[in-house]
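Fold and contact review
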Amino acid sequence: DMKVTQMPRYLIKRMGENVLLECGQDMSHETMYWYRQDPGLGLQLIYISYDVDSNSEGDIPKGYRVSRKKREHFSLILDSAKTNQTSVYFCASRDRGDAEQFFGPGTRLTVL
Amino acid sequence: KTQVEQSPQSLVVRQGENCVLQCNYSVTPDNHLRWFKQDTGKGLVSLTVLVHENDKTSNGRYSATLDKDAKHSTLHITATLLDDTATYICVVGDRGSALGRLHFGAGTQLIVIP
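Let me sum up the structure you'll find in this document.

1. A word on the environment of A:Asp51
- In this fold, A:Asp51 is placed in strand E5 (residues 44–51).
- Sequence-wise, A:Asp51 and A:Glu72 are 21 residues apart; in three dimensions their C-alpha atoms are separated by 9.3 Å.

Following this line, the structure appears as structure tokens:
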């Protein structure tokens, strides 16, 4: 059963703290994505990763960085979180040559 | 500028009724269009994908159409159930993107009441 997992599912942090969101997939997909979802808006693309150590900015990369050291893991890092980074974060993965992206269950991050 | 617009924003129907959700987009060049269902607090689950001009798909009580000329899609849900309560998201693939870039609508929130 193909799966994208995200940890943690819920997180509360204070402004200025560092945040690490983890994503894993068991499908050996090359391409992985981080999105955020805010009320009234469509999912917005933060970063794309083509493969290990090959990452590209999406539409809203400011305040975020990513790390992909293994094909099956893709991390989103917020150095010194801000209150406007409160959101639901989704990870997705896609196989080369296939258009379909598979989504994780999301991480709800609250920055106080 | 939003490239995928969905209507209505929200919709309340009684169990057993049918409903129609709309999606208009301006993504160019467009590849495929996919409808997702998102239960509250959960991830996106694919319902159906439309690829070709005038495509029509059916997945149980869900059916969808695509008019690529008009850049318009509809999702029909027949004989709604309480479990259909969710947000339905229209997503358009960008054919010009080698990285599989997607453009997301904000969703239609469907509430099915007894």
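2. With respect to the sheet that holds strand E1 (residues 4–7) of chain B
Residue and element names in this part refer to chain B.
- Overall, antiparallel pairing links the 5 strands, which are arranged E1-E3-E8-E7-E6 in an open sheet. The open sheet is flanked by E1 and strand E6 (56–59), the only strands paired with a single partner. In this sheet, adjacent strand axes meet at a mean angle of 15° when their direction is disregarded.
- Pairing of E6 with strand E7 (residues 62–67) involves 4 bridges; the strand directions are antiparallel. Paired with Ser58 across the bridge in E7 is Ser63.

3. What to know about the interface of chain B and chain A
- With 18 residues of chain B at the interface, the matching set in chain A holds 22 residues.
- Interface of chain B and chain A: buried area, both sides summed, is about 1500 Å²; carbon and sulfur atoms make up 56% of it.
- A per-residue breakdown of the area chain B buries against chain A is headed by B:Leu99, B:Arg101 and B:Phe104, which together make up 39% of the total.
- Joining chain B to chain A, the criterion identifies 2 salt bridges.
- Salt-bridge contacts for A:Glu100 lead to B:Arg34; the nearest nitrogen and oxygen are separated by 3.6 Å.
- Listing elements by their share of the side of chain B that touches chain A, those giving two or more residues are strand E4 (30–38), strand E5 (44–50) and strand E10 (102–104) of chain B.
- At 4 residues, E4(B) tops the list of elements feeding residues into the side of chain B that touches chain A.
- Looking at the side of chain B that touches chain A residue by residue, the class counts come to 8 nonpolar, 7 polar and 3 charged.

The rules behind the values
Residues numbered from 1 in each chain as written. Chains lettered and ligands numbered in written order. Predicted model: local features only at pLDDT ≥ 70, side-chain atom pairs only at ≥ 80, totals over all residues. Heavy atoms only, no water. Helix = DSSP H or I, 4+ residues; strand = E, 2+ residues; numbered from the N terminus. Pairing = 2+ DSSP bridges. Axes fitted to C-alpha atoms, helices over the stretch in contact; angles between N-to-C directions. Contact = heavy atoms within 4.5 Å. Buried area = accessible area lost by both parts, 1.4 Å probe. Salt bridge = Lys/Arg side-chain N within 4 Å of Asp/Glu carboxyl O. Nonpolar A, V, L, I, M, F, W, Y, C, P; charged D, E, K, R; others polar.

Nothing here speaks to function; it is geometry throughout.
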